[in-house]
Amino acid sequence: MSALRRFLTSAKTSWIMLVLAALAAAVLFGVAGSEGSETAPSVGLPDSAESVQVDQLRENFPSADSTSALLVFASDSGELDDETLALIDAKAFGELADVSRDGFVPPAQVSEDGTVALLVVPLEPEPDVAAQTERAQQIRDAAAADLDGVRVYLTGAEGFEVDIAAVFAGADFTLLLTTVIVVAVLLLVTYRSPWLWLVPLVVIGLADSLAGIVARQVASAVGVQLDASITGILSVLVFGAGTNYALLLIARYRDELRLYESRRIAMQEALRGAGPAIIASGSTVALALLTLLLAELAGNRALGLACAVGIVVAMIFALFVLPAALVLFGRGLFWPYIPRYGSADAISRSVWGKLGRGVSRRPVVVATAGFVVLGAMASGLFFVQTGLSQNDRFLQKPEAVQGQEVLAEAFSAGTTSPAVVIVPLDDADEAASALADLDGVDAATVGETTDDLAQINVTLDAGAETEAAFATVESMRAALDDVGGGEGLVGGLDAQALDVSNAQARDQALIIPLILVLVFIVLVVLLRAIVAPLLLLLAVVASFFSAIGLSWWIFQSPLFGFPAIDTNVLLFSFLFLVALGVDYSIFLVTRAKEESEHLGITEGMIRALAATGAVITSAGILLAAVFAVLGVLPLITLTQIGTIVCIGVLIDTLLVRTVVVPALAFITKDTFWWPRTPTVPDADGPAHVASASAGRSDDRAPSGTRRARRTEADRRPSL
């Protein structure tokens, strides 16, 4: 490893790494391009799901190759008059018929109160988004022409597809631009240098671009499609994690510049000290993400694969490209706060060290108070509601959602999302009768048939994707088990949403324990201990529950007013918070392990907190801000993930890593490293205090050790 560090930092070879990175970027951009994804998130249910089986069987029916647009005409005041209704019917037989599938549009259906009319326009499926958008606009223009005092909405399958495509148009660019601005501002504030921040920003920005390309290529190779929500999370994760790694490395580099005259030797030592923590951190996050490959939902698998690739790319750039880029410049890169060779150690004067010493005096009281605060924030867990309907998933409701809501108020609540039942042809009448008798079913009629199958269209009393609708779907499935040979299947929007919810629950039950076991194993291997990993996991899981509870209170506030948390938010939030949250404990505890070799656990933890406090706090605030940027995307799901992770990272950075973890280490003392035996007995005597106060030049580089191994070339003033 020392040879690799010399290769990355030597004046003769460091430029090679930069050239290789530039060539790799050029090749990937040239071969694969840099296009983003603007498609909406897909359902991604497995073929075993009943709603998916229904969709597959529906391909055998005559209407399988058709879609439809629903036009909703709502009066601004009072009932629709006869003249308006006549004009609507004229549109059905005129221009709307010209764009319909068979040149025919059925007459309008009018609500009982006469305030809303509905036209169903059969259409040919249009795979090209631009052509579909143009056709939708043509339908809107034709429907709204010459109508005064009437609001017209395009909804249904066609309306949703067009509106969702429009919502995600340009989403990748908006997210990337906002993320870059946030990272640039926070790096500028952190380093207080007019140009130092540019180096990590450029390196991580290039890593993000390449991560998107590599992730799309890997996903395409295994038959996985990345939608806009996944590429958005990928970009945020690469910027957040990559910048964290950069902050850790640069902070260690700054410390080493005070000990070494040569900036290249200083970078070698910075890599030696920070490299293992970065590798452990990145590996933990990447492996945790890869557990999603075991999920049932294709969207979860796609997210895990793409983001794992992104973390690996970010880690490679932080460990290989960033060091080579930094050593190109002299110490002036840090201007105006230049770390001078031989200058006083700032760690011993750190406010974080004073905080650590204060915690060490009453660790039991501090740990108890910390968990009480975490428990108070977690109180919202008792009131959390999960599950968002399709209408509730947008921050700003598109036209299709507005039209569906108007339709649901004017007609039966289930009109907008009828259930689709497929049964053997011989069982059709019996199945329709059995379904019509169920509570929650408004109507059940036999529709299209084939030689051996029949389709039954069922209208529910409950609104789309509500608990009542889910209960009715389950009742329908149970009732069909007793009809004929029990071969009837229930599909449709509500059935699909129910299947997604069940699959998400199974994924959570499998993935969450796997993540905990995996993170524990990584920590055991890294720290060569058992007690410390258990305590770190306990702390980070407590911060997760606190983040969920506190976020729920925020979601219920007038600022957000979210009715529930989406089904996949808890899994993704747990993944990011546990994997990323444990990063800061890794940064702290690996430094404490290093310092404890000379100072013992108490003084080692105090010094580690003093050395890493500022950089970890900066990294946590930056990561929290970057995840908060997910709120610029149009989906409430992403806003919820961003908010929960933002709050959780701040809790972990400012409370768990700063107070709770050090307090647990002070309470357990040498047992913290069990079963490993510390090389230095822990004591709070004068020797340890003096050693800690003397600075790192005494305890890390005594005479005759690594300082004495520097060559004459290393002693020359750095450029």
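Since the structure is predicted, the reported quantities are computational estimates derived from the model, not experimental observations.

### Considering the pattern of salt bridges
Side chains that differ in sign of charge can pair as their charged atoms come close.
Then comes step 1: What the rule picks out here adds up to 16 salt bridges.
Then comes step 2: Close ionic contact of Glu 603 with Arg 357 constitutes a salt bridge, the shortest N to O distance being 3.0 Å. Placement of Glu 603 in helix H21 (residues 601–628) and of Arg 357 in helix H13 (residues 351–361) is noted, with a sequence separation of 246 residues between them.
Then comes step 3: Judged by its relative accessible area of 26%, Arg 357 falls in the partly exposed class.
Then comes step 4: What emerges from the salt-bridge pattern is a single network uniting Glu 50, Arg 477 and Asp 499.

### A look at unusual backbone geometry
Then comes step 1: Residue Trp 335 is joined to Pro 336 through a cis peptide bond whose omega torsion reads 10°.
Then comes step 2: One can find Pro 336 in the loop between helix H12 (298–326) and H13.
Then comes step 3: Along the chain, Trp 674 connects to Pro 675 via a cis peptide bond; the corresponding omega equals 10°.
Then comes step 4: Here Pro 675 is to be found in the loop between helix H22 (636–668) and helix H23 (686–694).
Then comes step 5: Here Asp 146, not a glycine, exhibits a phi torsion of approximately 65°, which is positive.
Then comes step 6: If you trace the backbone, Asp 146 turns up in the loop between helix H6 (129–144) and strand E4 (150–155).
Then comes step 7: The exposure class of Asp 146 is exposed, given its relative accessible area of 68%.
Then comes step 8: Of note, the phi angle at Arg 192 is positive, near 50°, even though the residue is not glycine.

### Some words on the packing of helix H11 (residues 263–290) against helix H20 (residues 569–599)
Then comes step 1: It is the contact of H11 with H20, at a shortest axis distance of 9 Å, that shows an interaxial angle of 155°. Classed by the angle they form, the pair H11 and H20 counts as roughly antiparallel. Crossing handedness for the pair H11 and H20: right-handed. Contacts between H11 and H20 pair Arg 272, Ala 277, Ala 280, Ser 281, Thr 284, Val 285, Ala 288 and Leu 289 from the former with Leu 575, Phe 576, Ala 579, Leu 580, Val 582, Asp 583, Ile 586, Phe 587, Thr 590 and Glu 594 from the latter.
Then comes step 2: Tallied by class, residues from the contact of H11 with H20 come to 12 nonpolar, three polar and three charged.

### A closer look at the sheet that holds strand E1 (residues 67–75)
Then comes step 1: With respect to topology, four strands assemble into an open sheet ordered E2-E3-E1-E4, the strand pairing being antiparallel. This sheet does not close on itself; its edge strands, each paired only once, are strand E2 (109–110) and E4.
Then comes step 2: Direction of pairing for E2 relative to strand E3 (residues 116–123): antiparallel, over a ladder of two bridges. In the strand pairing of E3, Gln 109 is matched with Leu 118.
Then comes step 3: Contacts between helix H4 (residues 82–93) and the sheet are confined to E1, E2, E3 and E4, with E3 contributing the most and set at about 0° to the helix.
Then comes step 4: Sheet strands in contact with H6 are E1, E3 and E4, and its direction is about 155° off that of E4.

### Looking at helix H17 (residues 467–480)
In an α-helix, one full turn covers 3.6 residues, which means residues spaced three or four apart are oriented alike.
Then comes step 1: For H17, with 14 residues, the first-to-last C-alpha span of 20 Å sits near the 20 Å given by 1.5 Å per residue.
Then comes step 2: Within H17 the residues assigned to the buried category are Ala 469, Phe 470, Thr 472, Val 473, Met 476, Arg 477, Ala 479 and Leu 480.

### Some points on the environment of Leu 623
Then comes step 1: The residue Leu 623 is located in helix H21 in this model.
Then comes step 2: Sequence separation of Leu 623 and Asp 76 is 547 residues, and the distance between their C-alpha atoms is 47 Å.
Then comes step 3: Leave out the neighbours within four places in its chain, and Leu 623 touches Gly 240, Ala 241, Asn 244, Leu 580, Tyr 584 and Val 649.

### Observations regarding the packing of aromatic side chains
Then comes step 1: As enumerated under the stated definition, the model contains 11 aromatic pairs in all.
Then comes step 2: Here the aromatic rings of Phe 560 and Phe 562 are separated by 5.1 Å at their centres, their planes lie at 45°, and the arrangement is tilted.
Then comes step 3: Overall, the relative accessible area of 27% leaves Phe 560 in the partly exposed class.
Then comes step 4: The buried category is assigned to Phe 562, whose relative accessible area is 5%.
Then comes step 5: These aromatic residues form a ring-pair network of at least three members: Phe 544, Phe 545 and Phe 574.
Then comes step 6: Arg 192 extends its terminal NZ or CZ atom over the ring of Tyr 337, reaching a point 4.3 Å from the ring centre.

### Structural notes on the environment of Val 632
Then comes step 1: Counting through the fold element by element, Val 632 comes out in the loop between H21 and H22.
Then comes step 2: Taking the relative accessible area as the measure of exposure, Val 632 reaches 38% and is therefore partly exposed.
Then comes step 3: It is 9.5 Å that separates the C-alpha atoms of Val 632 and Leu 395, two residues lying 237 residues apart in sequence.
Then comes step 4: With near-sequence residues (within four places) excluded, Val 632 lies in contact with Thr 174, Leu 175 and Thr 178.

### Quick notes on helix H19 (residues 531–555)
Then comes step 1: Given a rise of 1.5 Å per residue, 25 residues ought to cover 36 Å, and the 36 Å separating the end C-alpha atoms of H19 matches this to within 8%.
Then comes step 2: In terms of burial, H19 is a largely internal element, 19 of the 25 residues being buried.

### Some points on the state of the cysteines
Then comes step 1: By the definition in use, this model includes zero disulfides.
Then comes step 2: The thiol of Cys 307 is not disulfide-bonded; the next cysteine sulfur, from Cys 646, is found 18 Å away.
Then comes step 3: Residue classification places Cys 646 among the buried residues on the basis of a relative accessible area of 17%.

### Remarks on the pairing of strand E5 (residues 419–424)
Then comes step 1: E5 sits mainly inside the fold: six of its six residues count as buried.
Then comes step 2: Sheet topology note: the E5/strand E7 (residues 453–460) ladder contains six bridges and is antiparallel. Within E7, the position partnered with Ala 419 by the bridge is Val 458.
Then comes step 3: Looking at chain direction, E5 and strand E8 (residues 489–491) are connected through three bridges and run antiparallel. Paired with Val 421 across the bridge in E8 is Val 490.

About the thresholds
- Residues numbered from 1 in each chain as written.
- Predicted model: local features only at pLDDT ≥ 70, side-chain atom pairs only at ≥ 80, totals over all residues.
- Heavy atoms only, no water.
- Salt bridge = Lys/Arg side-chain N within 4 Å of Asp/Glu carboxyl O.
- Helix = DSSP H or I, 4+ residues; strand = E, 2+ residues; numbered from the N terminus.
- Buried < 20%, exposed > 50% of the residue type's maximum accessible area, 1.4 Å probe, protein only.
- Axes fitted to C-alpha atoms, helices over the stretch in contact; angles between N-to-C directions.
- Parallel < 35°, antiparallel > 145°, perpendicular 65-115°, else oblique.
- Left-handed = near helix turned anticlockwise from the far one by under 90°.
- Contact = heavy atoms within 4.5 Å.
- Nonpolar A, V, L, I, M, F, W, Y, C, P; charged D, E, K, R; others polar.
- Pairing = 2+ DSSP bridges.
- Expected span 1.5 Å × (residues − 1).
- Phe/Tyr/Trp six-rings, centres within 6.5 Å; stacked < 30°, edge-to-face > 60°.
- Lys NZ or Arg CZ within 6 Å of the ring centre and 35° of its normal.
- Disulfide = S-S within 2.5 Å.

Honestly, that's just the spatial picture; any functional story needs more than this.
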